[in-house]
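Here is what each chain is made of, one letter per residue.
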Amino acid sequence: MASQDPRERALLGAFGPTLARNPSALRECVNLLQIYRIEAQTLHSKWEAYIMNRTSTTGDDDDGSMTPAHLEGFKSSLRRTLEQKSQQQTSQTQSTTRATIKSRYHTSTAVPPPKTSYDMDLDTLDMPFGSPDRKSTSAMPTTPIRNRTNGNIASLPLSPSQPSPSSKQFALRKNVSEMEETLNSHLSLRQEAPKSGSDYRNTINLVVAVKPYRYMFEKLSEKGEALDDRIDTFAEIYKKSYPETDFHNPAYPSQSIVTVIGRICSDANEGKTNERSLVLETSRSIGGGSRVKLDVAEVPGFSFFPGQIVVLSGINSSGTIFSVTRVHELPTMSMAGASPSDLEDFHYRKMAGQPIKVIAAAGPYTLSDNLLFEPFAALMEHVGKERPDVLLLLGPFVSSQHPSIVSGNVDMTPEAYFAKYISTLLAQHQERYPKEMQILLVPSLQDIFHETAVLPQPGFEHARALGLPAGTYCLPNPTQFTINEMVFAINTADILMHLSGDEVARNPDRTDRMGRLSKYLVEQRNMHPVYPGLTSEMESGVDYNQYDLMDLRVCPDVIIVPSRLKGFAKTVDNVVVVNPNQLSKAQSGGTFARLTIHPITQSVLEDAVMMMDEEDEQSMSTYHRVYERCRVDLVRV
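Residues numbered from 1 in each chain as written. Predicted model: local features only at pLDDT ≥ 70, side-chain atom pairs only at ≥ 80, totals over all residues. Heavy atoms only, no water.

- In the nomenclature of an unreviewed UniProt entry, the protein chain corresponds to DNA polymerase alpha subunit B from the organism Dissophora globulifera.
- UniProt, in its Sequence similarities (unreviewed entry) section for the protein chain, records the words "Belongs to the DNA polymerase alpha subunit B family."
- According to the UniProt record, the Subcellular location (unreviewed entry) comment for the protein chain is "Nucleus". (UniProt positions renumbered as here; feature names shortened; annotations may be inferred.)

Shown next as structure tokens:
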């Protein structure tokens with residue numbers, strides 16, 4: 001016994017002679033001590049608790065002997081217990097850190113914040129957030145911190161309100177005001193300033209309003225109903241255009257070609273959707289909610305994404321696989337129109353025959369290594385020179401993904417940053433040119449001070465706390481609104497990136513990929529048709545109780561979809577689609593979009609007015625044809 005392992009002696013002392021008569025169990029216990037680094041007495045206590053719990057649960061009269069079955073169950077139970085204890089200790093440590101962050105954030109005296117919870121965004125912070133006191137100043141990071149947005153090493157300044165190395169580079173940037181891309185270059189720019197006057201105001205109306213609501217209370221049954229209703233709605237739309245159509249259940253065996261309707265899904269557990277993982281999901285009213293695998297080998301070309309509503313023809317001879325023979329085009333939406341008298345009033349009475357100038361920019365509005373919002377200040381210099389009629393500002397404004405926000409290296413609240421660097425410049429412009437420019441703001445899921453973290457988002461609710469000038473329009477996201485007769489639709493959730501990441505296509509009809517991705521929005525009649533979306537993206541959250549608020553009520557004249565993908569401006573099926581890109585790209589400037597929309601020729605409108613029914617002024621509708629009279633320039637800030 002002199003050469004006996006000390007751990008064996010400790011185990012025999014704790015368990016007694018029963019373990020001595022079971023060499024295999026003794027070896028297993030020695031292994032457990034080595035793996036989990038616990039004492040023999042602790043292991044004995046865990047064993048006793050396991051046996052007592054098992055006896056009370058099963059009702060068996062167990063003598064507590066270490067049989068192989070008992071040992072296997074005990075090892076699983078021990079592993080779970082120790083893992084849970086380790087997770088609880090980690091959670092307590094993180095909770096203490098978050099409590100410190102929250103207390104310092106809510107005691108900030110820069111600007112009294114509204115009653116808003118920032119728990120979701122602050123969970124990712126690992127350093128103090130808020131106005132530091134004398135004791136916490138020494139704890140502020142002064143060593144280089146890894147920039148989490150682009151993977152490079154960036155030395156953040158002691159305060160994000162101090163100039164950073166990239167500030168000088170941005171000030172000395174080249175190609176300022178250079179036009180990177182132009183749509184309809186044959187149309188002229190508006191050089192003169194807008195005419196002032198009480199009648200010279202664009203009429204802006206919201207098509208779909210999104211009121212504040214409580215999210216994260218969505219029931220699975222309600223979500224299923226919303227997804228079902230979408231399929232049934234498209235079935236009705238298709239039957240109106242093709243009354244002879246009879247939809248069948250694609251899961252039923254059939255020897256003849258049938259027409260079906262449903263939602264494209266993927267049965268791949270991980271990875272990107274591919275041709276072999278395509279599945280068609282039906283509604284409960286049409287196909288009992290069944291799913292059937294798709295075989296698209298016989299189709300010469302197609303383009304699908306998860307969530308897309310499609311009408312297909314094919315055969316299901318075995319009852320397990322639906323072999324697609326044809327992909328039908330969905331009926332197109334009717335273009336927006338207005339009476340010639342209304343168009344004449346908008347273009348030549350209110351606007352005095354001048355083109356309308358719109359500037360659209362999308363965040364981030366500051367460089368990645370400070371919170372000085374220098375790109376936004378540069379944008380406002382362009383606005384001062386251009387004197388647009390409408391300024392469209394799309395979030396994020398103060399992004400939860402900004403390295404200074406993530407690291408906690410801030411000296412003001414997010415609202416204070418917005419009020420100081422954005423609202424102040426907007427107010428100064430409005431004071432200099434009163435009643436000239438209308439400001440429209442659309443939030444983003446990345447905006448740290450917005451209360452709603454899923455789509456659709458209501459507009460900013462605390463315009464006064466943000467210091468915005470009077471008359472600013474705070475629109476929802478996604479949003480649909482009209483400027484005079486023209487219909488605009490905007491989604492700031494980078495829907496093009498979502499579609500690009502999940503699309504599966506082979507020999508599609510439209511080879512222009514950006515045009516094809518943009519067409520999905522009009523074809524699916526929704527500004528966020530992806531389901532379920534990229535799980536890796538924070539911008540994929542949707543409340544399906546409010547899903548119909550993102551439906552397009554009429555075909556837009558202009559769609560603006562800011563994205564990290566390359567900026568573009570193009571006409572897609574008579575719709576002007578613009579990706580202004582980001583105003584700030586890491587530590588350099590980006591681009592914004594300038595839209596110059598000319599009026600319809602006055603003689604054309606006068607002739608149309610003369611042809612109208614005098615008793616019914618709305619008897620004739622004229623399409624806006626914005627795609628023919630809209631020039632778009634992507635301009636470097």
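More follows now that the structure is in view.
Topic: the confidence of the model for the protein chain
Consideration 1: Taken over all residues, the pLDDT of the protein chain has a mean of 83, while the share at 70 or more is 83%.
Consideration 2: Ignoring residues within four places in sequence, the model shows residues 97-156, a span with pLDDT below 50, making 99 contacts including any to other chains. (pLDDT = per-residue confidence, 0-100. Contact = heavy atoms within 4.5 Å.)

A look at the layout of surface pockets
Consideration 1: Of the voids in this model, the second largest pocket is the one considered here, and its volume is about 630 Å³.
Consideration 2: What lines the second largest pocket is a set of 33 residues, and nearest its centre among them are Ser303, Glu329, Asp509, Lys519 and Glu523.
Consideration 3: When residues of the lining of the second largest pocket are traced back to their parent elements, those giving at least two are strand S8 (302-304), strand S9 (309-315), strand S10 (321-328) and helix H16 (513-523).
Consideration 4: Of all the elements, H16 adds the most residues to the lining of the second largest pocket, at 5 residues.
Consideration 5: The class makeup of the residues in the lining of the second largest pocket is 17 nonpolar, 8 polar and 8 charged. (1 Å grid on protein atoms, 1.4 Å probe; cavity = no way out; pocket = protein on both sides within 12 Å on 5 of 7 lines; lining within 4 Å. Points joined across faces, edges and corners; volume = space filled by probe spheres on them. Helix = DSSP H or I, 4+ residues; strand = E, 2+ residues; numbered from the N terminus. Nonpolar A, V, L, I, M, F, W, Y, C, P; charged D, E, K, R; others polar.)

Description of empty space enclosed by the protein
Consideration 1: One pass over the full model with this rule turns up 5 cavities of 30 Å³ or more.
Consideration 2: The calculated volume of the second largest cavity comes to roughly 50 Å³.
Consideration 3: A class-by-class count of the residues in the lining of the second largest cavity yields 5 nonpolar, 4 polar and 2 charged.

Considerations on the nonpolar core
Consideration 1: Counting residues in each nonpolar core, the largest one holds 38 residues, and the members touching the most others are Leu379 and Leu393.
Consideration 2: Among the secondary structure elements, those contributing two or more residues to this core are strand S12 (356-362), helix H12 (374-386), strand S13 (390-394), helix H14 (414-432) and strand S14 (438-442).
Consideration 3: Residue contributions to this core peak at 6 residues, all from H14.
Consideration 4: For Leu379, the contacting residues outside a window of four places in its chain are Ile359, Ala361, Tyr365, Leu393, Leu583, Phe592 and Val637.
Consideration 5: In terms of nonpolar packing, the next biggest core, distinct from the first, is built from 31 residues, Met351, Ile483, Val578 and Ile597 among them. (Core = buried A, V, L, I, M, F, W, Y, C linked by side-chain atoms within 4.5 Å. Buried < 20%, exposed > 50% of the residue type's maximum accessible area, 1.4 Å probe, protein only.)

Focus: the pattern of salt bridges
Consideration 1: Under the counting rule described, the total for this entry stands at 24 salt bridges.
Consideration 2: We note a salt bridge from Asp494 to Arg564, for which the minimum N-O separation is 3.0 Å. Of this pair, Asp494 sits in the loop between strand S17 (486-490) and helix H15 (495-502) while Arg564 sits in the loop between strand S19 (558-560) and strand S20 (568-572), and the two are 70 residues apart along the sequence.
Consideration 3: Judged by relative accessible area, Arg564 falls into the partly exposed class, the value being 43%.
Consideration 4: Lys570 serves as the salt-bridge partner of Asp512, at 2.9 Å between the closest nitrogen and oxygen. Residue Asp512 is located in the loop between strand S18 (504-506) and H16, and its partner Lys570 is located in strand S20; the two are separated by 58 residues in the primary sequence.
Consideration 5: Taking relative accessible area as the criterion, Asp512 reaches 31% and is therefore assigned partly exposed.
Consideration 6: Counted as one network, the salt bridges with shared partners bring together Lys357, Glu386, Arg594, Arg631 and Asp633. (Salt bridge = Lys/Arg side-chain N within 4 Å of Asp/Glu carboxyl O.)

Some thoughts on the pairing of S17
Every regular strand shows the same layout, with side chains that alternate between the two sheet faces.
Consideration 1: Along S17, 5 of the 5 residues are buried, which leaves the element largely enclosed by surrounding structure.
Consideration 2: Covered by surrounding structure in S17 are Met486, Phe488 and Ile490 together with Val487 and Ala489, the residues of both alternating faces.
Consideration 3: The hairpin formed by strand S16 (residues 479-483) and S17 contains 2 residues between the paired strands, and Asn484 there has a positive phi angle of roughly 55°. (Pairing = 2+ DSSP bridges.)

Looking at helix H9 (residues 220-241)
Quick reminder: α-helices carry 3.6 residues per turn. Residues three or four places apart thus point the same way.
Consideration 1: Taking 1.5 Å as the rise per residue, H9 with 22 residues should run 32 Å; its terminal C-alpha atoms sit 33 Å apart, in good agreement.
Consideration 2: Among all positions of H9, only Ala226, Leu227, Asp228, Arg230, Ile231, Asp232, Phe234, Ala235, Ile237 and Tyr238 are buried.
Consideration 3: On its buried face, H9 sits against strand S5 (258-266), strand S6 (278-281), helix H10 (284-287), S9, S10 and H16. (Expected span 1.5 Å × (residues − 1).)

Concerning unusual backbone geometry
Consideration 1: Residue Leu455 is joined to Pro456 through a cis peptide bond whose omega torsion reads -5°.
Consideration 2: Across the junction of Asn477 and Pro478, the peptide omega takes the value -5°, indicating a cis bond.
Consideration 3: Along the polypeptide, Pro478 turns up in the loop between strand S15 (473-474) and S16.
Consideration 4: At Asp573, a position not held by glycine, the phi torsion is positive, near 50°.
Consideration 5: Within the secondary structure, Asp573 is located in the loop between S20 and strand S21 (575-579).

Observations concerning the sheet that holds strand S7 (residues 291-295)
Consideration 1: The sheet built from 5 strands closes into a barrel, its strands ordered S5-S6-S7-S10-S9 with mixed pairing. Strand-to-strand twist of the sheet, defined as the mean angle between neighbouring strand axes without regard to direction, takes the value 60°.
Consideration 2: Bridge count for S5 against S6 is 4 bridges, and the pairing is antiparallel. Bridge assignment links Arg263 to a residue of S6, and that residue is Glu281. (Axes fitted to C-alpha atoms, helices over the stretch in contact; angles between N-to-C directions.)

As for the packing of aromatic side chains
Consideration 1: Scanning all chains against the criterion turns up 19 aromatic pairs.
Consideration 2: Ring geometry for Trp47 versus Tyr50: centroids 6.0 Å apart, planes at 40°, classification tilted. One end of the pair, Trp47, and the other, Tyr50, are both in helix H4 (residues 40-58), 3 residues apart, so they sit about a helical turn from each other. Summarising the burial analysis for this pair, Trp47 and Tyr50 share the class buried.
Consideration 3: Measuring from centroid to centroid gives 5.6 Å for Phe373 and Tyr421, while their planes differ by 20°, and the two rings are stacked. Pair noted here: Phe373 is in the loop between S12 and H12 and Tyr421 is in helix H14, with a separation of 48 residues, a long-range link.
Consideration 4: Residue Phe373 is classed as buried on the basis of its relative accessible area of 1%. (Phe/Tyr/Trp six-rings, centres within 6.5 Å; stacked < 30°, edge-to-face > 60°.)

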